[in-house]
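# Descriptive analysis of the structure
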Amino acid sequence: MYSEFTTVAADSVTNTKPDFQTLTTDARLSWAYGHYGDGLALMSSFGPQSIALIEQLHQAWLLPHIPIVTVDIKGKDWDAQRKYRAELQKLYGFHLHVLPAANETEKRSVLENSLKDLGITATLDGIRRSQTNLRATKSFIEDKPDRTHIHPLLDWADARTDYFIGSLSPHLRHPSWRPGIKSKGGVILAFGAEKTECGLHY
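One structure accompanies this document, and this report is about it.

The rules behind these values
- Residues numbered from 1 in each chain as written.
- Predicted model: local features only at pLDDT ≥ 70, side-chain atom pairs only at ≥ 80, totals over all residues.
- Heavy atoms only, no water.
- Buried < 20%, exposed > 50% of the residue type's maximum accessible area, 1.4 Å probe, protein only.
- Helix = DSSP H or I, 4+ residues; strand = E, 2+ residues; numbered from the N terminus.
- Pairing = 2+ DSSP bridges.
- Phe/Tyr/Trp six-rings, centres within 6.5 Å; stacked < 30°, edge-to-face > 60°.
- Lys NZ or Arg CZ within 6 Å of the ring centre and 35° of its normal.
- Core = buried A, V, L, I, M, F, W, Y, C linked by side-chain atoms within 4.5 Å.
- Contact = heavy atoms within 4.5 Å.

The two faces of strand S1 (residues 40-43) match: Leu40 and Leu42 on one face and Ala41 and Met43 on the other face are all buried. Examined bridge by bridge, S1 and strand S4 (residues 122-124) share three bridges and lie parallel to one another. By the bridge assignment, Leu40 is partnered in S4 with Ala122. Across two bridges, S1 lies against strand S2 (residues 68-73) in parallel orientation.

Laid out in structure tokens, this is it:
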């Protein structure tokens, strides 16, 4: 792992971005941390598929160094996420920033203001092209005026994601997880419902 990290991170010296399509997930994460360092954070809703990226960071020995940022919306609909989040934090010991928001509408403004205050210059998230039509148009690395958005699992198919999560110990999986499950902002959707964006990825 150390040799892979040092090789990929060397690209940061010349400020070039690698072709993520040709890299393993570990190499993508290693490059991101090597390039952005303390300015990098993981965005997570702690929904049923969030564990895929969290566990990938753990396996790459990067989770202790990269904080997780989550928006906590008031209401009982997010109780399952809060409980799951607390359990994962106890198991992994990651550094967590919880940003309270009154409702879904307030979510984006709370996040943007807080990330600036925290000095976050790049974020990781677990979105995948197979999830929505909008996500199908995304690039692995998106440079925006506010910060860089990195999607290391973008090319993971549904089957690969389900297999990876299903292979984990049951205590790491969201209690409501099942193959093919869909969620919006971490809240589980009814069977057959179409997944739409929660607002953070427009």
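What follows is about the packing of aromatic side chains. Under the counting rule described, the total for this entry stands at six aromatic pairs. Seen from their ring centres, Trp31 and Tyr36 are 5.9 Å apart, and the 85 degrees between their planes marks the pair as edge-to-face. According to the relative accessible area criterion, Trp31 is buried, its value standing at 0%. For Tyr36, a relative accessible area of 15% gives the class buried. Ring geometry for Trp156 versus Phe164: centroids 5.5 Å apart, planes at 75 degrees, classification edge-to-face. Per residue, the accessibility class of Trp156 equals that of Phe164, and both read buried. Taken together, Phe20, Trp31, Tyr36 and Phe140 form an aromatic cluster joined through their ring pairs. Lying across the ring of Phe140, Arg129 places its NZ or CZ 5.1 Å from the centre.

Note on soluble globular proteins: their nonpolar side chains tend to be buried together. Counting residues in each nonpolar core, the largest one holds 39 residues, and the members touching the most others are Leu40, Ile51, Ile54, Leu88, Leu124 and Ile150. Contributing elements (two or more residues each) for this core: helix H2 (25-36), S1, helix H3 (51-59), helix H4 (79-92), S4 and helix H6 (158-166). Excluding its chain neighbours within four sequence positions, the residues that come into contact with Leu40 are Ala32, Tyr33, Ile66, Pro67, Ala122, Thr123, Leu124 and Ile150. By size, the runner-up hydrophobic cluster in this structure holds twelve residues, among which are Val69, Ile73, Trp78 and Val110.

What follows deals with the pairing of S2. Within S2, six of the six residues are buried, leaving the element largely enclosed by the surrounding structure. Side-chain alternation along S2 places Ile68, Thr70 and Asp72 on one buried face and Val69, Val71 and Ile73 on a second face that is also buried. Where S2 lies against strand S3 (residues 96-101), six bridges are found, and the strand directions are parallel. Note that in S3 the partner of Asp72 across the bridge is Pro100.

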